[in-house]
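Okay, here's what each chain looks like letter by letter:
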Number of protein chains: 2
Amino acid sequence: MASRDHDWFVGEMGLAFESDGFTRIGGRLFGHLLLADRPLSLDELADALGASKASVSTDARRLLDKGVVERSGRPGDRRDYWKIAPDFFASLMQHRVERWRRLDALVGELKRRAPVSSPAVRARLRYMEDVYAYIAGRVDEALESWQARRAVKPRRPRAAAKTRKRGRAA
Amino acid sequence: MASRDHDWFVGEMGLAFESDGFTRIGGRLFGHLLLADRPLSLDELADALGASKASVSTDARRLLDKGVVERSGRPGDRRDYWKIAPDFFASLMQHRVERWRRLDALVGELKRRAPVSSPAVRARLRYMEDVYAYIAGRVDEALESWQARRAVKPRRPRAAAKTRKRGRAA
DNA sequence: CTGTACGTTCAGTGCATACTGAACGCAGTA
DNA sequence: TACTGCGTTCAGTATGCACTGAACGTACAG
């Protein structure tokens, strides 16, 4: 590990994620976990990425909220161990659709507030709502059929993973 | 125009786009054009958005590259007139898939550079390539079927719109 | 030629935020 | 009790980049 190619990959992932609304460290964290053959602790990650524990802790929890990484523990060990979520791509995808939904919601809210007079604009807003509804539906279908397709470990329906405050440092 | 609701919508669009890798002015530009019932000139846009011509010019061309807005001219008028692209949603979508393609390309490049030893990691990278190929294909299908579905103006196949330098200020 | 009306480019500035080090809280151990 | 190891939080820093005003290049009018 820590080969030249490994570092290159992690660095590129950092840049790719950074230009995508994540932080650079978050992206490198993702890249490093993607190439790790076992779950890693916070200290291991901070050390490997050359970043502070504070940054890794924050970014890891951010990725956890998005369903990109997972946290696990070991009996007799108080440390957290992080790994890539098995369905991280689907999570990223759903997160993306969620962003579009926000645009759609803005249009809906505008129409509720003030009816649009211009027919051209009305048609445009209508188009936006229609295409969103259609594409979002198709994307969901695609994700579902993918899940069914690979049909490896029977994955549970993912109980809405909100940020659950830990006992510590409340 | 310039109503309270209009400004609210434009402002929200600015924030939504900003948190999505665009600039705030780019988002407001998009929002304003979305509600405009005719193409607008650079000066009109700069004035309406309360931004400098420089920013609007730059952001408008950026959105042009992404296929979100279009530029048009009028005979006997040297000004550019900007409007929302009819298929802006599809353009945004394709731009998004393109971002994922970059991640996929990184994985491919890594495998080319240095074969991965760990079976678990190999399976993970394989998963990433598979799901990308599958989902990207399905998204393309969805976009095509949408285009066919609405079937309004017969749109030409969109000759790859690279940034074409204008004659001016070369 | 000069003057005007465009859009683009460029250097400088300010702001937002990623990142850090250190303080902190908690849980376990002795 | 005190001590160690863990993750989180918080205040401060600095780094990137969005944004601006002004200079610039071009095209047309006279």
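Residues numbered from 1 in each chain as written. Chains lettered and ligands numbered in written order. Predicted model: local features only at pLDDT ≥ 70, side-chain atom pairs only at ≥ 80, totals over all residues.

Bringing the overall build of chain A into the picture now. A count of helices and strands for chain A gives six helices and three strands. In chain A, which comprises 170 residues, the share counted as buried stands at 28%. Sequence-distant contacts, at least 24 apart, represent 45% of the contacts inside chain A between residues at least 6 apart. (Helix = DSSP H or I, 4+ residues; strand = E, 2+ residues; numbered from the N terminus. Buried ≥ 20, exposed ≤ 12 C-beta atoms within 10 Å, placed from the backbone. Contact = placed C-beta atoms within 7 Å.)

Residues and elements named next belong to chain B. Compared with an ideal rise of 1.5 Å per residue, which puts 13 residues at 18 Å, helix 4 (residues 53-65) spans 18 Å between its outermost C-alpha atoms and is within 8% of the ideal. Buried residues of helix 4: Val 56, Asp 59, Ala 60 and Leu 63, and no others. Along helix 4, the residues classed as buried sweep out an arc of 105 degrees about the axis, all on the same side. For helix 4, the secondary structure elements touched by its buried residues are helix 2 (24-34), helix 3 (42-49), strand 2 (69-74) and strand 3 (77-84). Backbone geometry just downstream of helix 4 places Gly 67 in the positive-phi region, at approximately 80 degrees. (Expected span 1.5 Å × (residues − 1). Arc of directions from axis to C-beta.)

This brings us to the packing of helix 2 of chain B against helix 4 of chain B. Residue and element names in this part refer to chain B. At their nearest, the axes of helix 2 and helix 4 sit 9 Å apart, and the two run at 75 degrees to each other. By the angle between their directions, the pair helix 2 and helix 4 is classed as roughly perpendicular. Two secondary-structure elements touch here, helix 2 through Ile 25, Gly 26, Leu 29 and Phe 30 and helix 4 through Ser 55, Val 56, Asp 59, Ala 60, Arg 62 and Leu 63. By residue class, the composition of the contact of helix 2 with helix 4 is six nonpolar, two polar and two charged. (Axes fitted to C-alpha atoms, helices over the stretch in contact; angles between N-to-C directions. Parallel < 35°, antiparallel > 145°, perpendicular 65-115°, else oblique. Nonpolar A, V, L, I, M, F, W, Y, C, P; charged D, E, K, R; others polar.)

In this section: the sheet that holds strand 2 of chain B. Residue and element names in this part refer to chain B. Read from one edge of the open sheet, three strands run 1-3-2, paired in antiparallel fashion. Single-partner strands in this sheet number two, and they are strand 1 (40-41) and strand 2. Summarising the sheet, strand 2 and strand 3 pair through five bridges and their orientation is antiparallel. Following the sheet pairing, Glu 70 is matched in strand 3 by Lys 83. Helix 2 rests against strand 1, strand 2 and strand 3 of the sheet, and its axis sits at about 90 degrees to strand 3. (Pairing = 2+ DSSP bridges.)

Superposing chain A onto chain B takes a rotation of 180 degrees combined with a translation of 0.0 Å along the rotation axis, leaving an RMSD of 0.0 Å. Look at the turn and shift together and you get a two-fold axis relating the two. When each C-alpha of chain A is compared by its distance to the rotation axis, Gly21(A) comes out closest, at 3.0 Å. A symmetric contact is evident, with 100% of the interface residues of chain A recurring at the interface of chain B. (Least-squares fit on C-alpha atoms with pLDDT ≥ 70 in both.)

Turning our attention to the sheet that holds strand 1 (residues 40-41) of chain A. Residues and elements named next belong to chain A. Taken in spatial order, the three strands line up as 1-3-2 in an open sheet, and their pairing is antiparallel. The open sheet has two edge strands with one neighbour each: strand 1 and strand 2 (69-74). By the bridge criterion, two bridges tie strand 1 to strand 3 (residues 77-84) in an arrangement that is antiparallel. Across the sheet, the residue bridging to Ser 41 is Tyr 81, located in strand 3.

Below, the discussion takes up the confidence of the model for chain A. Residue and element names in this part refer to chain A. Taken over all residues, the pLDDT of chain A has a mean of 88, while the share at 70 or more is 87%. Mean pLDDT values over the elements of chain A span from 93, in helix 6 (residues 119-150), up to 98, in helix 2 (residues 24-34). Low confidence marks residues 154-170, where pLDDT is under 50. Its contacts with residues over four positions away, or in another chain, come to five contacts. (pLDDT = per-residue confidence, 0-100.)

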